[in-house]
Amino acid sequence: MTVVVGVADMKVSNQASHLLVTHALGSCIGVAVYDPQARVGGLLHYMLPDSSLDPARAAENPYMFADTGIPRLFRECYALGASKARLKVKVAGGGQVLGGEEHFQIGRRNYAALRRIFLRNNVLVDNEEVGGAKPRTMFLDLASGRVWVKVIGQNLVEL
Amino acid sequence: MSLIPQILRSLKHLPPFPVVAQRALTLVNQPEVSIEELVEVVKFDPGITANILRISNSAYFGLRREIHSLHQALLLLGTQELLKIIIASGATRLFANGTPGYFQEHHGLWRHSISCALMADLLARELAATERTTAFTAGLLHDIGKIVLSLYVEQKFSQIMAVVEKRGLPFQQAEKLVLGISHAEVGGEMARIWDFPNRLRLVIHYHHLDRPEAFSDDMVLLIYLADLLVMMFGQDLGNEGLAYDGFPQVLHHFNLRERDLERLLMHFGSSWGEAKVFFGLVGDGHAVQRAHRG
Ligand SMILES: [Fe+2]
Ligand SMILES: [Fe+2]
């Protein structure tokens, strides 16, 4: 069964029949985590790097921001029996329009925020497909833990 | 070989611009619009009142009272808000067909256009621009050139994307290089044929800021920025993704910082779920045909 993860949204699951998908990442970032032993995984689609922009909004919807959404993703997977040491982490999105590196950089800042959080918490990224101007859709198969990225007009790429 | 003659020929068979939207356009920014004038506008499309009531009563507007009539909608939403709904409902026929050169989804262009209209509206509010209805309308119609150019882009898509990738050009310039004309220019032509107000035509023609003229009108810059923000938001992204130029001078012009862009995206994202009620305005063209036959 396909479970759609919307914008500023997250789903975690231990149902092997679930295929989590999040569409059209733009400058947003998709984070897929999976524990192959517990067969627990989750997919987060966050929009913005930092909840200090609007803490009240972050309390309402933590999945909008990297710094509130990423910890939630891990915690909810732990709650279903995943362990940090076993989690495979894959990242996609963070797209940019063309041009310099100073303006319209939400995609880049989204990615930098994730890197900072992972560094602080000793999380390694197993694979990623970030930056550039391509629109990306991301899939996580709960049965196998496999993650794919689809760019329109191109073949599915496994992360 | 340039495809321009062929493309211009297909403009000869352009259907007329929907009359309801056209009439509603003439009421935009009028200080006062009477209920009689609005009734005059919507009477050309019997289905439109139902649409207006559905949108007016949706969570997007969050009214506490249920609206049962056009008159009530006018009182509770105000003229300009109601005009936005009428223009969007009236324009749907243009967007009924797929534009596979640009979007995989059958209604991708419609959804992108609605998103851009709502983002332009939000941006106009943020910038304290007075012409929010104009911004909404321009956002809705900025990419109409894609309706006509889709067929050609579909045939040459990989060639156009190769130009984008090898030469680092924005998509509309690659379009122009390969096809001889860009969707923005085709849209400008359509606006001329349909006799749009001059300003709306300029926005459509210059919305990717290819020419210095684009910088002479704030509305062009506003729509350009709304379009970019919608692409960054990502939902209903077209086949070309985010392959358009980001011009820092537009941010400087409006005195916007990166943090302001984040806030705009946050507000847009927060009302997104409710805004999707607008997507439902456009029906399936085939279904309409079936209904007429049956
Ligand atoms: Fe465009
Ligand atoms: Fe656009």
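See above for the structure.
(A) Spotlight on the overall build of chain B. Summing up its helical and strand segments, chain B has 16 helices and zero strands in all. Against the 2.2 N^0.38 benchmark of 19 Å for 294 residues, chain B shows a C-alpha radius of gyration of 19 Å, consistent with a compact globule. Structurally, chain B occupies a C-alpha span of about 55 × 50 × 30 Å along its principal axes. Here chain B, with 294 residues, has 57% of them falling under the buried criterion. A sequence separation of at least 24 residues applies to 68% of the contacts in chain B between residues at least 6 apart. For chain B, the exposed area adds up to about 12700 Å²; of that, 51% sits on carbon and sulfur atoms. Side chains of chain B carry 27 positive and 31 negative charges; the gap between the two charge centres is 4 Å.

(B) Region of interest: the coordination of the iron ion (ligand 1). All names here are of chain B. Each protein donor to the iron ion (ligand 1) is listed here as Asp143 (OD), His183 (NE2), His207 (NE2) and His208 (NE2); together their distances run 2.1 to 2.2 Å. Of note is the iron ion (ligand 1), whose four donor atoms meet at the metal with angles of 83 to 169 degrees in an arrangement that counts as irregular. Mapped onto the sequence, the residues coordinating the iron ion (ligand 1) show the spacing D-x39-H-x23-H-H. Histidine 207 sits in the buried class, given a relative accessible area of 0%. For histidine 208, a relative accessible area of 5% translates into the label buried.

(C) Examining the coordination of the iron ion (ligand 2) more closely. Residues and elements named next belong to chain B. Around the iron ion (ligand 2), the donor atoms from the protein are His112 (NE2), His142 (NE2), Asp143 (OD) and Asp227 (OD), and they sit 2.1 to 2.4 Å away. For the iron ion (ligand 2), the four donor atoms in the first shell make angles of 83 to 172 degrees at the metal, so the coordination geometry reads as irregular. The sequence pattern describing where the donors of the iron ion (ligand 2) fall on their chain is H-x29-H-D-x83-D. Between the two metal centres, the iron ion (ligand 2) and the iron ion (ligand 1), the spacing is 3.7 Å, with aspartate 143 acting as a shared donor. Of this pair, histidine 112 sits in helix α7 (residues 108-126) while aspartate 143 sits in the loop between α8 (132-141) and α9 (145-167), and the two are 31 residues apart along the sequence. In terms of burial, histidine 112 and aspartate 143 fall into one category: buried.

(D) Representation of the interface of chain B and chain A in the model. Counting residues at the interface gives 39 residues for chain B, matched by 32 residues for chain A. Summed over both sides, the interface between chain B and chain A buries roughly 2700 Å², with carbon and sulfur atoms accounting for 66% of that surface. Joining chain B to chain A, the criterion identifies three salt bridges. Between lysine 134 of chain A and glutamate 165 of chain B there is a salt bridge whose closest N-O contact spans 3.5 Å. Applying the counting criterion to the chain B and chain A interface returns 13 residue pairs in polar contact (both at pLDDT 80 or more). Among the secondary structure elements, those contributing two or more residues to the side of chain B that touches chain A are α13 (218-233), α14 (248-254) and α15 (258-275) of chain B.

(E) Summary view of the pattern of salt bridges. If you walk through the whole model with that rule in mind, you get 24 salt bridges over all chains. Close ionic contact of glutamate 258 of chain B with arginine 109 of chain A constitutes a salt bridge, the shortest N to O distance being 3.0 Å. Of this pair, glutamate 258 of chain B sits in helix α15 while arginine 109 of chain A sits in helix α3 (residues 106-120), placing the two residues on different chains. We classify arginine 109 of chain A as partly exposed; its relative accessible area is 25%. With its nearest N and O atoms 2.8 Å apart, the salt bridge here joins arginine 199 of chain B to glutamate 131 of chain B. Placement of arginine 199 of chain B in helix α12 (residues 198-206) and of glutamate 131 of chain B in the loop between α7 and α8 is noted, with a sequence separation of 68 residues between them. With relative accessibility at 25%, the residue glutamate 131 of chain B sits in the partly exposed group. Through salt bridges with shared partners, a single network forms among Arg109 of chain A together with Glu258, Arg259 and Glu262 of chain B.

(F) Region of the structure containing the sheet that holds strand β7 (residues 127-130) of chain A. Residue and element names in this part refer to chain A. Spatially, β2-β5-β4-β6-β7 is the arrangement adopted by the five strands of the open sheet, whose pairing is mixed. This sheet does not close on itself; its edge strands, each paired only once, are β2 (9-13) and β7. For this sheet the average axis-to-axis angle between neighbouring strands, irrespective of direction, equals 10 degrees. Strand direction decides the pairing type here: strand β6 (residues 88-93) and β7, joined by four bridges, are parallel. Following the sheet pairing, valine 91 is matched in β7 by glutamate 128. Where helix α2 (residues 66-79) meets the sheet, its contacts fall on β2, β4 (29-35), β5 (40-46) and β6, and the angle it forms with β5 comes to roughly 170 degrees. Here α3 sits on the sheet and contacts β4, β5, β6 and β7; the angle it forms with β4, its principal contact strand, is near 30 degrees.

Procedures and definitions
- Residues numbered from 1 in each chain as written.
- Chains lettered and ligands numbered in written order.
- Predicted model: local features only at pLDDT ≥ 70, side-chain atom pairs only at ≥ 80, totals over all residues.
- Heavy atoms only, no water.
- Helix = DSSP H or I, 4+ residues; strand = E, 2+ residues; numbered from the N terminus.
- Rg over C-alpha atoms; globule rule 2.2 N^0.38 Å.
- Buried < 20%, exposed > 50% of the residue type's maximum accessible area, 1.4 Å probe, protein only.
- Contact = heavy atoms within 4.5 Å.
- Areas by Shrake-Rupley, 256 points an atom, 1.4 Å probe, with all protein chains shown as cover.
- Lys, Arg positive; Asp, Glu negative; His and termini not counted.
- Charge placed at Lys NZ, Arg CZ, Asp CG, Glu CD.
- Donors = N, O, S within 2.8 Å, 3.2 Å for Na, K, Ca; no water.
- Tetrahedral: all angles 85-135°; square planar, octahedral: opposite > 155°, others 65-115°.
- Buried area = accessible area lost by both parts, 1.4 Å probe.
- Salt bridge = Lys/Arg side-chain N within 4 Å of Asp/Glu carboxyl O.
- Polar contact = N/O pair within 3.5 Å; in protein donor to acceptor, adjacent residues only side chain to side chain.
- Pairing = 2+ DSSP bridges.
- Axes fitted to C-alpha atoms, helices over the stretch in contact; angles between N-to-C directions.

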